[in-house]
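Chain by chain, the residues run as shown.
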Amino acid sequence: MRGAAPFTAALGLAVLSGCTPAAPDPRGLDRDETLLTVTGTGRAEATPDQALFTAGLSSIAGDAQAASARNAETMAKITAALARLNVPARDIQTRNLSVNRIDYGANKGKFEASNSVSVRVRDTARVGDAIAAVTAAGANIVSGPNLSVADPEKANLGAYGLAYKAARAKAQAYADAAGLRITRVLSIHDGGQGGYMPPIAEMDARMVAPPPVVAVQASAPPVMAGTNAGIVSVRVDFALTSK
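Residues numbered from 1 in each chain as written. Predicted model: local features only at pLDDT ≥ 70, side-chain atom pairs only at ≥ 80, totals over all residues. Heavy atoms only, no water.

Trainee: For this particular structure, what's the right way to read unusual backbone geometry?
Mentor: When glycine is set aside, most residues are seen to have a negative phi, and most peptide bonds are trans. Following Gly144, the chain continues to Pro145 via a peptide bond in cis, the omega torsion being 5 degrees. The residue Pro145 is located in strand β5 (residues 141–148) in this model. In this structure, Asn86 takes a positive phi of about 65 degrees despite not being glycine. (Helix = DSSP H or I, 4+ residues; strand = E, 2+ residues; numbered from the N terminus.)

And the structure:
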């Protein structure tokens, strides 16, 4: 009988282990639930409230000093013209400064000085006036404008709710197809800006390569702000059970 003691103890342990409840599902599911993970996207449109364009010039002279001096004089006129339109100095940034000897063509042996600045206009209604002003002041290289929203996160707030509603509708479709019902939301994961819909002008620029120099007229060209669209995404975990 002494030999039966270990067997009895082992049997008791087996019975106890069988009564131990199963560890909880790390995903938060109950035993009778099914996990469904879906994603949704939302789109929000906003009117651009700022524009960025580049203005500059290229001057040719017999020596580097003369070309640079001519450029500096014209650039001073350009910045003064922008100041008269209430464009502050913080919104004007130098993008390029260069002086090169010309080794070909009719101007061979002379020097070319180039200078360009990026200009931010915080009132899209004044963009045309700003472009006309820098052109009248002597800018012979102008490109842009790139119209954008200064605070894209704020502009996209409405899209997050649309993204969740899209995820919920998708989950409902899956549940109906499987003969299940949605019981609760387990988790919501912000996907941030899952995509970007460029303005129409930017889409056109991708289809047709722009020329290196954009010609403009001295009179204010029309600039239409249109709308920009931001796309956000969300991932949601749902718990499903039988109906």
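Trainee: What exactly am I supposed to notice about the pattern of salt bridges here?
Mentor: Close approach of charged atoms lets side chains of opposite charge pair. For the structure shown, the criterion picks out seven salt bridges. Two residues, Arg184 and Glu33, come together in a salt bridge whose shortest N-O distance is 2.8 Å. Placement of Arg184 in strand β6 (residues 180–190) and of Glu33 in the loop between α1 (5–19) and β1 (34–46) is noted, with a sequence separation of 151 residues between them. Across the pair Glu45 and Arg43 runs a salt bridge, and its minimum N-O distance is 2.8 Å. Residue classification places Arg43 among the partly exposed positions, given a relative accessible area of 39%. When salt bridges that share partners are traced, they join Asp30, Glu33 and Arg184 into one network. (Salt bridge = Lys/Arg side-chain N within 4 Å of Asp/Glu carboxyl O. Buried < 20%, exposed > 50% of the residue type's maximum accessible area, 1.4 Å probe, protein only.)

Trainee: Explain the sheet that holds β5 here, please?
Mentor: Pairing between the strands of a sheet comes from backbone hydrogen bonds, and it takes one of two forms, parallel or antiparallel. Ordered by their spatial adjacency, four strands build an open sheet running β3-β4-β2-β5, and the pairing between neighbours is antiparallel. The strands lining the two open edges of the sheet, one partner per strand, are β3 (92–101) and β5. Strand-to-strand, the axes of this sheet are offset by a mean angle of 10 degrees, without reference to chain direction. As defined by bridge partners, strand β2 (residues 50–61) adjoins β5 across six bridges and the pair is classed as antiparallel. Residue pairing in the sheet places Leu52 in a bridge with Asn146 of β5. Sheet strands touched by helix α2 (residues 64–84): β2, β3 and β4 (111–121). Its angle to β2, the strand with the most contacts, is close to 150 degrees. (Pairing = 2+ DSSP bridges. Axes fitted to C-alpha atoms, helices over the stretch in contact; angles between N-to-C directions. Contact = heavy atoms within 4.5 Å.)

Trainee: Would you explain the nonpolar core in this entry?
Mentor: A general trend in soluble globular proteins is that nonpolar side chains are found buried together. Ranked by internal contacts, the top residues of the largest apolar core, which has 22 residues, are Phe53, Ile78, Leu82, Val119 and Val134. Of all elements in the fold, only β2, α2, β4, α3 (127–136) and β5 reach the threshold of two or more residues within this core. Counting residues per element, this core draws most heavily on α3, at five residues. Apart from residues lying up to four places away in sequence, Phe53 is in contact with Val117, Ser118, Val119, Val121, Ala130, Ile131, Val134, Val142, Ser143, Gly144 and Pro145. Core analysis: the second largest hydrophobic core is formed by 15 residues, Leu36, Val232, Val236 and Leu240 among them. (Core = buried A, V, L, I, M, F, W, Y, C linked by side-chain atoms within 4.5 Å.)

Trainee: Hey, could you run me through the environment of Arg126 in this one?
Mentor: Mapped onto the fold, Arg126 is located in the loop between β4 and α3. The class of Arg126 is partly exposed, set by a relative accessible area of 32%. Sequence spacing of Arg126 and Ala220 is 94 residues, and the spatial spacing of their C-alpha atoms is 9.2 Å. Setting aside residues no more than four positions away along its own chain, Arg126 makes contact with Leu85 and Val121.

Trainee: When you look at a negative patch on the surface in this model, what are you seeing that I'm missing?
Mentor: Residues Asp49, Asp151, Glu153 and Asp190 make up a contiguous surface patch of negative charge. Tracing the chain through its elements places Asp151 in the loop between β5 and α4 (152–155). Under the relative-accessibility criterion, Asp151 is labelled partly exposed at 39%. (Patch = residues over 30% accessible without salt bridge, like charges linked within 9 Å, V, L, I, M, F, W, Y side chains within 5 Å. Areas by Shrake-Rupley, 256 points an atom, 1.4 Å probe, with all protein chains shown as cover. Lys, Arg positive; Asp, Glu negative; His and termini not counted. Charge placed at Lys NZ, Arg CZ, Asp CG, Glu CD.)

Trainee: Whenever I open this one, the confidence of the model for the protein confuses me. Can you help?
Mentor: Chain-level statistics for the protein give a pLDDT mean of 82 and a share of 79% at 70 or above. pLDDT under 50 marks residues 7–17. Its contacts with residues more than four places away, or in other chains, come to zero contacts. Scored below 50 in pLDDT, residues 194–217 shows 24 contacts in the model against residues more than four places distant or in partner chains. (pLDDT = per-residue confidence, 0-100.)

Trainee: Is there a simple way to think about α3 in this case?
Mentor: Because an α-helix completes one turn every 3.6 residues, residues spaced three or four positions apart along the sequence face the same direction. With respect to burial, α3 is a largely interior element, eight of its 10 residues being buried. Three or more residues of α3 are buried, namely Val127, Gly128, Ala130, Ile131, Ala132, Ala133, Val134 and Thr135. Looking one or two residues beyond α3, the residue adopting positive phi is Gly138, at roughly 125 degrees.

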